[in-house]
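If you want the building blocks of each chain, they are given just below.
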Amino acid sequence: MTEIEMEINQPHTQTIADNEKQSKIELIVSNILCLLIFFSFGYIAIMSIFQTSVFNPENYVNEEVIYEADDLILNIIFTAGFLAIVFWLRRFYDFFAKIDLRMMEIALAIWTLILGMIWIFSVSSVPAADSQNIYELASNAAKDNYTPLYNSMNFYQADFFGGHSYFNFYPFQLGFVLFSEMIFRVFGYSSPMLIQIFNLVFLSSAYLALARITRLIFKKKSIEFIVILLLAACLQPIMMCTFVYGNVIGMSAGIWASLFLIKYFKTNRWLWLVPSGLALTFAVLIKYNSLIYLVAFVIMLIIHTIREKKWQSIAFALAVCVTCIGVTPLIIKNYEARANTKIESGVSQTMYLDMGMQESPMAPGWYTTTAMDDYRQGNYDAEQGNQIAGTHISQRLNAFMTNPNYAFDFYSKKILSQWNEPSYECVWVSKVKSHSYELNGFAKDVYDGSTGQLLQLHFNFYMQLVFILFALGIYMLFIKRMARTETLLLPLVVLGAFGYHVLFEAKSQYSATYIPLLLPTAAFMMSMILFSDYSKIKQLLKKINRKKEKIAVEDIEAAAEEDDFQTYLTEAEPEIEYTTYEITPEISESAEDLSEETPDETLSEIPMETLTDTPTDTPTD
C-alpha cells in the first residue's frame, strides 16, 4: 500500500487517543463550545463571501471603515480554482510525503524572518500614539530617567492627556515597558527597530509552536504539512511586527503556553505545567489582554480535572490565576518605587465596556475618548469613573432594547469591521506613521502601487478561505466527536477574543494576533477534504444516476406503449361506408300525405320496400 493510500484510508475519528475515555461533562461542554465557535465564525465566513470591510481611502489615516460588496462570481471562481489546483497537487502526494517536516519547520522560520526583515528595514517605521508613549518611557527608564511617569507637560502628547501621565490612564502598559527597557539595557542602546526585530523573532517561534501543536493534536503529517503552508502565507502578523506594542510577543508567549499545556493534556506529566505557567504569565505581562488565554486554560483544566481525576490540574489553574493577575500590580509597584511616585489605577474594564457600546467615527465600538472621559469626569478616581460609565451603559442598553434592528446593525458591523477587514491594519500601522529613512521602492509599491493591490487580493481570498475551512473544521470536530481539551484549546482562545472584543473596544489590528490560531483547525479541514473517502458520495451519485436511468427507461417504455396503442387504434379502426338514399316520387308523395294526415307520425312508418339504396363514397344532402 502506498503512503497516499495509507493516508486516505486512515480513520479520522480516532486521531485523538482514548476517544472513548471522554467524560459526559467534557462531551457536553465541548459540544456547546463547538456550536458557539461554529456559529460565530460561520457567520464571518459567510459574510466574507459577500462583502469586505476596508478603510475609506478618503479618510484612511483616521481608520474609517466602510463595507464593500464583493464580486460573488469572482469569489466562487477563486474558490473553485483553488480546490482544483489542490486536488491536482494531490497526485504528487508521494513526493511531498518524502519531505522532512522538521526541515519545513526550519524553512518556515527562515521564510518568516527574511520577509519580516525586508519589511522592517523597508519602512523603518517610527512609533506614534500609544506605542510612542511606551517607547519613550522604556528608552528613558533604561537611562534611569522616569520623567514620563510624572504628571507634567514634559512627555509625548502631554497636552492630549491634560498634563496627567499616560501611565496614570493605562498602567497595565508597564509590563511591555519593562520588557523593552530590559532589551535596551542589555543591548546598550534604544531603537524602535530593536523591538520590531524582537517582535519578528517571537513571531517566528510562534509559527514553529503552531506547527508542533498541529502535529501533537492531529498526529498526521499531511495536516502539519498543510498548516506550515498556511502559516507561510499568513503575512499579516509578519507585517504587524513594525508595531512597537505587545500584541505580537504576547501572542507568541500565549501560543507556547498552549503547546506546553497540550503536552500536559496528552501525557499527564505535571512538569509540562511549569513552562506553560511561566509562558502564560509572561504573555499577560507583555499584553494584558492575554488574560483571554488564562480564561481558556482554566476552563480546559477544569474539564481535564473531571475527566482524569488529576487534582494537580485544578491546583495549577489556581496558581496560574494568581501569577497572571498578580504580575502587573508587581510591575506597577516596581516603577512606583524606582520613580518615587504614585501611579493611579487608571481606566477600568467598565469604562472600556462603555467605549465598546458607543458609536465611533471609525466603526461601531471602535476607539473614542469615552473611557478617558469617564475617568476624567470621575476626577481620576476609578470608582467614580465606573459609576459614570455604568450610567452610559444603561442608556445604551435601553437604546438597544428599544430598537433591536439598530442593535443588530451595530454589533454586526462591529464584528465585521474587526474580523472581515482582511489586512488587519498590518499596512496601516506603518503607512500612517513617520519613517526613519526614505522609503524604498518596495515599500512605496506596497503602500500605493500594484504590489499593495496584489497583497489586498491575497489578504481577502486567504482570509475567506481560512474562515470557511475553520468553521467547517469545527463542525467536523463536532460531528466526528473529536472535540476535546486538546483540539479545542486554541479555538476557545479565539472564541474568547471574539466575545471580548464584541463587548469592549474593537479594532481589526487586535484580531491579527488571533488569526494564526485558526490555522491548525483549518489545516485539519483541508486534509479532510483532500484525503476523505468519497465512496459513500460516489455510491449516492450512482444511486441517483441509476434512479434517473430507471425513470428514463420507464418514460421510454411508457412512450413506446403509447405509440403501440395509437398504432393499434389506427390499424383496428374499420372503414366507414356511407349509404345514400334516393327519394322516389312515391316516397315524396307518401311523405306529403303523412305530413298532412298524420303530422305527428314519424318516417319510420314509411314502408322500407319503397326505399332504393344507392351506395356512394360521400354523403349527399
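Cut-offs used in this document
Residues numbered from 1 in each chain as written. Predicted model: local features only at pLDDT ≥ 70, side-chain atom pairs only at ≥ 80, totals over all residues. Heavy atoms only, no water. Helix = DSSP H or I, 4+ residues; strand = E, 2+ residues; numbered from the N terminus. Buried < 20%, exposed > 50% of the residue type's maximum accessible area, 1.4 Å probe, protein only. Contact = heavy atoms within 4.5 Å. 1 Å grid on protein atoms, 1.4 Å probe; cavity = no way out; pocket = protein on both sides within 12 Å on 5 of 7 lines; lining within 4 Å. Points joined across faces, edges and corners; volume = space filled by probe spheres on them. Nonpolar A, V, L, I, M, F, W, Y, C, P; charged D, E, K, R; others polar. Core = buried A, V, L, I, M, F, W, Y, C linked by side-chain atoms within 4.5 Å. Salt bridge = Lys/Arg side-chain N within 4 Å of Asp/Glu carboxyl O. Axes fitted to C-alpha atoms, helices over the stretch in contact; angles between N-to-C directions. Parallel < 35°, antiparallel > 145°, perpendicular 65-115°, else oblique. Disulfide = S-S within 2.5 Å. Expected span 1.5 Å × (residues − 1). Polar contact = N/O pair within 3.5 Å; in protein donor to acceptor, adjacent residues only side chain to side chain.

A.B. asks: So, the overall build of the protein: which residues are in play, and what are the values?
C.D. replies: A tally of regular secondary structure across the protein gives 27 helices and four strands. The proportion of buried residues among the 621 residues of the protein is 49%. Of the contacts made within the protein by residues no fewer than 6 positions apart, 79% connect residues no fewer than 24 positions apart.

A.B. asks: So what about the layout of surface pockets? Which residues, and what values?
C.D. replies: In this structure, the largest pocket occupies an estimated 890 Å³ of space. The wall of the largest pocket is formed by 35 residues, among which Ala129, Asp130, Tyr367, Lys507 and Tyr510 lie closest to the centre. At three residues, the largest contribution of residues to the lining of the largest pocket is made by helix α16 (residues 349–356). Broken down by class, the residue content of the lining of the largest pocket amounts to 21 nonpolar, eight polar and six charged. In this structure, the second largest pocket spans a volume of roughly 690 Å³. Along its surface, the second largest pocket is lined by 28 residues, and Val54, Gly452, Gln453, Gln456 and Leu457 are the ones closest to its centre. It is helix α22 (residues 450–479) that provides the largest number of residues to the lining of the second largest pocket, a total of eight residues. Partitioned by chemical class, the residues of the lining of the second largest pocket number 13 nonpolar, nine polar and six charged.

A.B. asks: Give me the nonpolar core: which residues, what numbers.
C.D. replies: Grouped together as the largest cluster of nonpolar side chains are 166 residues, with contacts concentrated most on Phe41, Leu174, Tyr335, Trp419 and Phe467. For this core, the leading source of residues is helix α9 (residues 192–218), giving 13 residues. Contact partners of Phe41, with chain neighbours within four places excluded, come to Trp419, Phe467, Phe470, Ala471, Val494, Phe498 and Leu518. Formed by six residues, the second largest nonpolar core is a distinct cluster that contains Phe55, Val65, Ala363 and Trp366.

A.B. asks: Summarise the pattern of salt bridges; cite the residues concerned and give the values.
C.D. replies: One pass over the full model with this rule turns up 16 salt bridges. For Arg215, the salt bridge identified is with Glu224, shortest N-O distance 3.1 Å. Here Arg215 falls in the partly exposed class, since its relative accessible area comes to 27%. Taking relative accessible area as the criterion, Glu224 reaches 1% and is therefore assigned buried. Across the pair Asp373 and Arg376 runs a salt bridge, and its minimum N-O distance is 3.6 Å. Taken together, the positions of Asp373 and Arg376, both in helix α17 (residues 370–377) and three residues apart, correspond to about one turn of that helix.

A.B. asks: Tell me about the packing of helix α2 (residues 24–50) against helix α19 (residues 404–419), residues and numbers included.
C.D. replies: Running from amino to carboxyl end, α2 crosses α19 at an angle of 75°, the nearest separation of the two axes being 11 Å. The orientation of α2 relative to α19 falls into the category roughly perpendicular. Residues Phe41, Tyr43, Ile44 and Met47 of α2 pack against Ser412, Ile415, Leu416 and Trp419 of α19. Here the residues of the contact of α2 with α19 sort into seven nonpolar, one polar and no charged.

A.B. asks: I'd love a proper account of the packing of α9 against helix α23 (residues 485–503), names of residues and values included.
C.D. replies: Each pair of packed helices can be summarised by the angle the axes make with each other and by the distance between the axes. Close contact between α9 and α23 brings their axes to 9 Å; oriented N to C, the two are set at 145°. In this structure, α9 uses Leu210, Ile213, Ile217 and Phe218 to contact α23, whose residues at the interface are Glu486, Thr487 and Leu490. Of the residues belonging to the contact of α9 with α23, the class tally is five nonpolar, one polar and one charged.

A.B. asks: Can you lay out the environment of Phe155 for me, pointing to particular residues and giving the numbers?
C.D. replies: Mapped onto the elements, Phe155 comes out in the loop between α6 (130–141) and α7 (166–169). The spacing of Phe155 and Tyr166 is 11 residues in sequence and 8.7 Å in space, taken between C-alpha atoms. Each residue touching Phe155, except ones within four places of it in the same chain, is listed here: Asn133, Glu136, Pro148, Tyr150, Phe161, Gly163, His164, Ser165 and Tyr166.

A.B. asks: How would you explain the side chain of Asn75 if you had to name every residue and give the values?
C.D. replies: Note on placement: Asn75 falls in helix α3 (residues 72–89). Overall, Asn75 belongs to the buried group, its relative accessible area being 3%. For Asn75, the contacting residues outside a window of four places in its chain are Ser48, Ile49, Asp70, Phe461 and Gln464.

A.B. asks: Could you give an account of the state of the cysteines, naming the residues involved and the relevant values?
C.D. replies: This model, assessed by the stated rule, comprises zero disulfides. Lacking any disulfide linkage, Cys426 is separated from the closest cysteine sulfur, that of Cys234, by 9.4 Å. Cys426 sits in the buried class, given a relative accessible area of 0%.

A.B. asks: I'd like a description of empty space enclosed by the protein, backed by residues and values.
C.D. replies: Scanning all chains against the criterion turns up three cavities of 30 Å³ or more. Empty space within the largest cavity amounts to approximately 120 Å³. Around the largest cavity, the lining residues are Asn247, Gly250, Met251, Lys287, Asn289, Ser290, Tyr293, His501, Tyr510, Thr513 and Tyr514. In terms of residue count, the dominant contributor to the lining of the largest cavity is helix α12 (residues 247–267) (three residues).

A.B. asks: Outline helix α5 (residues 101–123), listing residues and values.
C.D. replies: With 23 residues, α5 ought to run about 33 Å at 1.5 Å a step, and its terminal C-alpha atoms sit 33 Å apart, in line with that. Among the residues of α5, those classed as buried are Leu101, Met104, Glu105, Leu108, Ala109, Thr112, Gly116, Trp119, Ile120, Ser122 and Val123. Looking at the buried positions of α5, the neighbouring elements they touch are α9, α10 (221–232), α11 (236–239), α20 (428–431) and α21 (441–448). The distance from a side-chain oxygen at the start of α5 to the backbone nitrogen of Arg102 is 3.0 Å, and the residue carrying that oxygen is Asp100. Phi turns positive one or two residues past the end of α5, at Ser124, with a value near 40°.

A.B. asks: Lay out the side chain of Ser48 with the relevant residues and their values.
C.D. replies: Considering the arrangement of structural elements, one finds Ser48 in helix α2. For Ser48, the residues in contact, after removing those within four places along its chain, are Asp70, Asn75, Asn420 and Gln464.

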